[in-house]
Amino acid sequence: MSKITISGFYDEVSGKLDAQIAAVKEFGGRYICPRNIDGKNIAEFTLEEFRQNVYPRLEKEGIGFSSIGSPIGKIGIDDEDGFAKQKKQLAELIKIAQLMKCGYIRIFSFYYGDANPDSCHAKVVSRLKELLALAHGSGVKLLHENEKKVYGDVPERVLKIYRDIDDDDFALCFDASNYVQCGVNPRAAFDMLKDHVSYYHIKDCSEFMVEVPVGTGKGCYDYIIKELVDRNYSGFMTLEPHTFKYSMLKLPVYIIPFMPLILRKYFKAFRLVDKKMRVGALRHISRKEVFFWQYKNLKNLLNKAGYKDE
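Here's a quick rundown of the structure. (Residues numbered from 1 in each chain as written. Predicted model: local features only at pLDDT ≥ 70, side-chain atom pairs only at ≥ 80, totals over all residues. Heavy atoms only, no water.)

Before going further, it helps to spend a moment on unusual backbone geometry. Positive phi, normally seen in glycine, also occurs at Lys101, with a value near 55°. When you line up the elements, Lys101 lands in the loop between helix 4 (80-99) and strand 6 (104-107). In the Ramachandran plot, Phe110 falls in the positive-phi region, its phi being about 75° despite a non-glycine side chain. On the secondary structure map, Phe110 appears in the loop between strand 6 and helix 5 (121-135). Among the residues examined, Phe110 registers a relative accessible area of 1% and is labelled buried. (Helix = DSSP H or I, 4+ residues; strand = E, 2+ residues; numbered from the N terminus. Buried < 20%, exposed > 50% of the residue type's maximum accessible area, 1.4 Å probe, protein only.)

Structure representation (structure tokens):
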């Protein structure tokens, strides 16, 4: 029997931790994926700062971490100073994850810039192994996300680094929206990687390359969710809608002269969201409400696929 736990990047509701905690509790959850806390990126905290300023508030409310949404690996492959800094940050994040009894820290596989990505493979693997050396024995896995323009942005290269690293502490996170934005069919990517993926970010993307509520874009979520339920997937699905853009930009794009022409892709995507979610063109939607759409749509997809909460 599968057991799916919904988490989220609740900094898309608010940058304030207290508001993030209130939102996850209102939605009936108890897990968040921290990225920005009270104006500070999670990677900027030391263990002692976190223990003093953040941990007591989470512990009081019974809130855990599904994973830590770090930016580790989101630097150029040849950025030596940046890599040295990130290794120090990762060492602290591992201690924070242990304190929170969190099993995953999200990482990336480095921007390749103007280089041929295949020429970066050996260095990417070497650097990922350096990061893994910090995690070994900690009980924390490094969770690779297929971010745009990093080495592992397409499924073939994700699979290549996964096989070449071959380490139990290296896990894969699947983000369908990021594949759409890389020109990859998410269904094909899922079929290629599904036997190796441990964790899912729930984000969808329109044909206009702008994020939209899950199930309303090109992310093939009907297929993916049904497959996961049929395969008895157990693990986290973390809401990362990025549709706060819709909340913040919709009215300016609609109202300000020439904006529909200047920001054409946003205008078209926002019209799509209005239609799919049955919202009036001039109705403002808060960041919290947009985030709730993501939660509600995921629950509907799970129910449609036959998943039953225990």
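Next up on the list: a nonpolar patch on the surface. Together, Ile255, Ile256 and Leu282 give the surface a local cluster of nonpolar side chains, amounting to about 310 Å² of exposed area. Mapped onto the secondary structure, Leu282 falls in the loop between helix 12 (264-277) and helix 13 (287-304). A relative accessible area of 60% places Leu282 in the exposed class. (Patch = residues over 30% accessible without salt bridge, like charges linked within 9 Å, V, L, I, M, F, W, Y side chains within 5 Å. Areas by Shrake-Rupley, 256 points an atom, 1.4 Å probe, with all protein chains shown as cover. Salt bridge = Lys/Arg side-chain N within 4 Å of Asp/Glu carboxyl O.)

Side chains of a nonpolar character, in soluble globular proteins, are inclined to be buried together. Phe50, Leu58, Ile105, Phe174 and Met237 are the most contacted members of the largest nonpolar core, which has 81 residues in total. With 7 residues, helix 4 is the largest single contributor of residues to this core. The residues contacting Leu58, other than those within four sequence positions of it, are Leu17, Ile21, Ile32, Phe50, Ile63, Phe65 and Met100. Ranked by size, the runner-up nonpolar core spans 14 residues in total, among them Val212, Val253, Met277 and Val290. (Core = buried A, V, L, I, M, F, W, Y, C linked by side-chain atoms within 4.5 Å. Contact = heavy atoms within 4.5 Å.)

Across the 6 residues of strand 9 (residues 197-202), 5 count as buried, placing the element largely inside the fold. Note that strand 9 and strand 12 (residues 235-239) share 3 bridges and pair parallel. Bridge assignment links Tyr200 to a residue of strand 12, and that residue is Met237. (Pairing = 2+ DSSP bridges.)

Packing of helix 5 against helix 6 (residues 155-165) brings their axes to within 10 Å, and their N-to-C directions diverge by 55°. By the angle between their directions, the pair helix 5 and helix 6 is classed as oblique. The handedness of the crossing between helix 5 and helix 6 comes out as right-handed. Along its contact with helix 5, which presents His121, Val124, Val125, Leu128, Lys129 and Leu132, the element helix 6 presents Lys160, Ile161, Asp164 and Ile165. For the contact of helix 5 with helix 6, the class distribution of residues is 6 nonpolar, 1 polar and 3 charged. (Axes fitted to C-alpha atoms, helices over the stretch in contact; angles between N-to-C directions. Parallel < 35°, antiparallel > 145°, perpendicular 65-115°, else oblique. Left-handed = near helix turned anticlockwise from the far one by under 90°. Nonpolar A, V, L, I, M, F, W, Y, C, P; charged D, E, K, R; others polar.)

With that settled, the discussion passes to the pattern of salt bridges. In total, this model carries 27 salt bridges according to the counting rule given. A salt bridge links Asp18 to Arg57; its shortest N-O distance comes to 3.1 Å. Of this pair, Asp18 sits in helix 1 (residues 17-26) while Arg57 is found in helix 3 (residues 55-61), placing the two residues 39 residues apart along the sequence. Asp18 gets classed as partly exposed once you look at its relative accessible area, which sits at 49%. Its relative accessible area of 25% is what places Arg57 among the partly exposed residues. In this structure, Lys250 engages Asp274 in a salt bridge whose closest nitrogen and oxygen atoms are separated by 3.0 Å. Of the two residues, Lys250 is situated in helix 10 (residues 244-255) and Asp274 in helix 12; the sequence distance between them amounts to 24 residues. By sharing partners, the salt bridges in this structure join Asp11, Glu12, Arg35, Asp175, Lys203 and Glu240 into a single network.

Attention now goes to the packing of aromatic side chains. This model, assessed by the stated rule, comprises 23 aromatic pairs. With a centroid separation of 5.2 Å and an interplanar angle of 85°, the aromatic rings of Tyr200 and Tyr233 are classed as edge-to-face. Note that Tyr200 is positioned in strand 9 and Tyr233 in the loop between helix 9 (221-230) and strand 12, a separation of 33 residues in sequence. Taken together, a centroid distance of 6.4 Å and an interplanar angle of 25° make the contact between Phe292 and Tyr295 stacked. Note that Phe292 and Tyr295 are positioned in helix 13 at a spacing of 3 residues, about one turn of the helix. Take Phe292: its relative accessible area is 36%, and that puts it in the partly exposed class. Residue Tyr295 is classed as buried on the basis of its relative accessible area, which comes to 16%. Feature note: the residues Phe174, Tyr179, Phe190, Tyr200, Tyr223 and Tyr233 constitute an aromatic cluster, connected by ring pairs. One Lys or Arg, Lys74, reaches over the ring of Phe108 and ends 4.9 Å from the middle of that ring. (Phe/Tyr/Trp six-rings, centres within 6.5 Å; stacked < 30°, edge-to-face > 60°. Lys NZ or Arg CZ within 6 Å of the ring centre and 35° of its normal.)

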